Amino acid sequence: MSQLASLQGSREAAVARHSQGAPESRREANKYTSYRALEGLSRASASLICEGAELLDLEAAMTRDPERVKACLGSLATGPWADTALASKPNLAVLWLSPGDETLRVSLRGQGAGQSHQHLLLLSDPDCQRSVHLELLDDASGSHHLNLVIEADLAESSRLDLSVSQAMSSESYVTATWAFRLAKKANLHAVWMDFGAALARHDLQVDLAEPQARAELAGLMLPKLGQHHDQHLTLHHGASDTHSQQLFKGLVGARGRSVFSGRVEIKEGAAGCSSHQLCRGILLGDGAEFDARPQLLICIDAVEASHGASCGAMDEKSMFFLRSRGLDELAAKQLLAEAFAGEVIELLGDPSRSESTLQRVRSMIQEIH
Amino acid sequence: MLSINNLHVAVDDKAILKGVDLTVKAGEVHAIMGPNGSGKSTLCHVLAGRPGYQVTQGGVDYQGADLLALEPEIRAREGLFLAFQYPVEIPGISNLYFLKAAINARRKHEGKGPMPAVAFLRMVREKAACVELDEGLLNRSLNVGFSGGEKKRNEIFQMLVLEPTLALLDETDSGLDIDALRVVAEGVNKLRSEGRAILLVTHYQRLLDYIVPDYVHVLAGGRIVRSGDKDLAHKLEAEGYGWIENEAST
Ligand SMILES: Nc1ncnc2c1ncn2[C@@H]1O[C@H](COP(=O)(O)OP(=O)(O)OP(=O)(O)O)[C@@H](O)[C@H]1O
Ligand SMILES: [Mg+2]
């Protein structure tokens, strides 16, 4: 138990940072996001279920590899919501990935009104390849704020395929901090999809810490009617021959708002690396908003880096083309929305999940038509 | 089948069509020629229902209906087809997926159920062969990465699949090599029948050697300034448009 006590240090640091105050919209990283609705919520719980693998508690994880757990726990994720969670005695679970073909299905469901804090540690052993699907939900019985910290440490030559689907009810909130550290030749392939919640904010922190690590990251946001979806990425290329691709898209209904901020830092010593970022928004009605903030910080020469952003209404020429072949306005819009979202959806690499996601896209278009 | 009466059309308050009169009967093929910027594509777009054009005078009757009052998709389901001068590229929508949606929309309009998958595939293969369209293109995203000629072939292929009653072909021959021109023309000729009509816009007499028109019209300055038979196209090919403009001004 003395080992557990030594973890106290990182928690205390978080408490100290947390006591500086709750995240405010004044801070640059939160420029577009207001957390006012989240103030003064009482503590509630959330259920965490994992199908296909056993979730370990801290003690069991420490028995397995204390040094590794200590090195990761509370030290990968940063930021105000992570601090808040770590300082609030969150539920802690460890998912130690083992190789397998079957996708692990994790669901985190907020229960009742109030605020819950969850801390999930994800560890993979060298060469391990695994797919994980994670659902963020609530039981729709009041306004729930799910605050989640995920810290993932991917060992050498391991690969994680992660898909996240957030489908909270429209009165609920989610703030999630996702921190990944990739060792040599590790591979992260991750897709975040936001369908629900009044406010969803993801802080994605990816550290390509060792040579030849690779990340392929994508996001799809479908906010409408006062919903706010916000995906904030900070990506470090910290070693040579690291590669990343980022594709983030927002399909924004009337009075919906979607934010993508993508900060890529290519450090000295990251020779031979490449980073490509693309974000695109389609605005589907009055008051729809898509804010894109690409940021590229390069400290060395001779890297291959690009970024692009675009945003606009649905393409008028394409709409007319489809209608002139007999598709009605709704069907044409649905088809174009499907095509737009499809680029992200195909990265899921899972036909049934792709189909259900396309179905969500179609019904969103139908709803706002 | 189609009767265009004193049609005036403006874009952003700029008058483009200034009194077009044209009657097309079932079974006929009409060719429209004319200088760049004279309004040929505008006419096609207005007939197909593209938003953004103001009809300031006149009207269009199509099979007894007020064509301009119909939504573009209703026009299509009622048998009108426009082969675009510049077919759009739509990433993420496969040719076949889109065509299936188009054909089923039409069938629904006719009170029929969706076309069975097997029959659809058979029909599509057959029509693709008609215009020698590479089957590999069928599963690719709509027109994305297609060569100029492949896009035009794809338009004619879609036309054959949808079997329109009135086909408008806007410069389908432009950008085609000699063999492709023949193939596309054969495709169009397959569609020719008693019950259908074709209006084709072209700059080149050559196409009219393959698809022999019943009438040739010259659209200039937003009006049809001359009509004749296929010999008119030969004269235009040899002499250009100058003589018509001179005659018009005297
Ligand atoms: N959306 C638009 N906005 C402004 N002007 C337009 C628009 N569409 C067409 N025009 C103008 O209308 C005129 C007719 O254009 P149109 O495309 O119909 O010509 P066209 O006869 O098809 O020419 P081409 O032989 O080059 O294809 C041109 O002067 C063009 O610039
Ligand atoms: Mg034209």
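On a predicted model such as this, the values are computed, not experimentally measured, just so you know.

> Run through the coordination of the magnesium ion (ligand 2), naming residues and quoting values.
Metal coordination angles have textbook ideals: 109.5 degrees for a tetrahedral set of four donors and 90 or 180 degrees for an octahedral set of six. Residue and element names in this part refer to chain B. Note on the magnesium ion (ligand 2): its protein donors are Ser41 (OG) and Gln85 (OE1). The metal-donor distances range over 2.0 to 2.2 Å. Taken together, the positions of serine 41 in helix α1 (residues 40-48) and glutamine 85 in the loop between β6 (80-83) and β7 (90-94) put the pair 44 residues apart, joining distant regions of the chain. Residue serine 41 is classed as buried on the basis of its relative accessible area, which comes to 19%. Here glutamine 85 falls in the buried class, since its relative accessible area comes to 15%.

> Explain the packing of helix α3 (residues 95-109) of chain B against helix α5 (residues 148-162) of chain B to me, using residue names and the numbers behind them.
Residue and element names in this part refer to chain B. At a minimum axis distance of 10 Å, the contact between α3 and α5 shows a crossing angle of 35°. The element α3 and its partner α5 pack so that their crossing is right-handed. Where α3 approaches α5, its residues Asn95, Phe98, Leu99, Ala102, Ile103 and Arg106 are matched on the opposing element by Asn154, Phe157, Gln158, Val161 and Leu162. Its residues assigned to classes, the contact of α3 with α5 comprises seven nonpolar, three polar and one charged.

> So, unusual backbone geometry: which residues are in play, and what are the values?
The backbone of serine 157 of chain A sits at a positive phi, close to 60°, despite the residue not being glycine. The phi dihedral of glutamate 132 of chain B falls on the positive side, at around 50°, and the residue is not glycine. Secondary-structure assignment places glutamate 132 of chain B in the loop between α4 (117-130) and β8 (141-142). Judged by relative accessible area, which is 51%, glutamate 132 of chain B ranks as exposed.

> An account of the layout of surface pockets is requested, with residue identities and associated values reported.
Taken as a whole, the largest pocket encloses approximately 690 Å³ of empty space. What lines the largest pocket is a set of 33 residues, and nearest its centre among them are Glu338, Ala339 and Phe340 of chain A together with Pro91 and Gly92 of chain B. Secondary-structure elements contributing two or more residues to the lining of the largest pocket are β15 (274-283), β17 (304-313), α7 (329-345) and α8 (351-368) of chain A together with β7 of chain B. In terms of residue count, the dominant contributor to the lining of the largest pocket is α7 of chain A (eight residues). The class makeup of the residues in the lining of the largest pocket is 15 nonpolar, eight polar and 10 charged. Counting contributing residues per domain, the lining of the largest pocket is built from domain 1 (5-313) and domain 2 (315-369) of chain A, each supplying no fewer than three.

> How would you sum up helix α8 (residues 230-239) of chain B? Please name residues and give values.
Think of an α-helix as 3.6 residues a turn; residues three or four steps apart then line up on the same face. Residues and elements named next belong to chain B. Those residues of α8 that sit buried are Leu232, Ala233 and Leu236. The buried residues of α8 occupy an angular sector of 100° when projected down its axis, which confines them to one face. Downstream of α8 by a residue or two, glycine 240 has a phi angle that is positive, lying close to 75°.

> Which residues make up the packing of α3 of chain B against α4 of chain B, and what values go with them?
Residues and elements named next belong to chain B. Where α3 contacts α4, the two axes come as close as 12 Å, and the packing angle between them is 110°. Comparing their axes, α4 and α3 come out roughly perpendicular. Along this stretch, α3 crosses α4, giving a crossing that reads as right-handed. In contact with Leu96, Leu99, Lys100 and Ile103 of α3, α4 contributes Ala117, Phe120, Leu121, Met123 and Val124. Class assignment of the residues belonging to the contact of α3 with α4 gives a composition of eight nonpolar, no polar and one charged.

Procedures and definitions
Residues numbered from 1 in each chain as written. Chains lettered and ligands numbered in written order. Predicted model: local features only at pLDDT ≥ 70, side-chain atom pairs only at ≥ 80, totals over all residues. Heavy atoms only, no water. Donors = N, O, S within 2.8 Å, 3.2 Å for Na, K, Ca; no water. Helix = DSSP H or I, 4+ residues; strand = E, 2+ residues; numbered from the N terminus. Buried < 20%, exposed > 50% of the residue type's maximum accessible area, 1.4 Å probe, protein only. Axes fitted to C-alpha atoms, helices over the stretch in contact; angles between N-to-C directions. Left-handed = near helix turned anticlockwise from the far one by under 90°. Contact = heavy atoms within 4.5 Å. Nonpolar A, V, L, I, M, F, W, Y, C, P; charged D, E, K, R; others polar. 1 Å grid on protein atoms, 1.4 Å probe; cavity = no way out; pocket = protein on both sides within 12 Å on 5 of 7 lines; lining within 4 Å. Points joined across faces, edges and corners; volume = space filled by probe spheres on them. Domains from an automatic or database assignment. Arc of directions from axis to C-beta. Parallel < 35°, antiparallel > 145°, perpendicular 65-115°, else oblique.

Keep in mind these values describe shape, not function.
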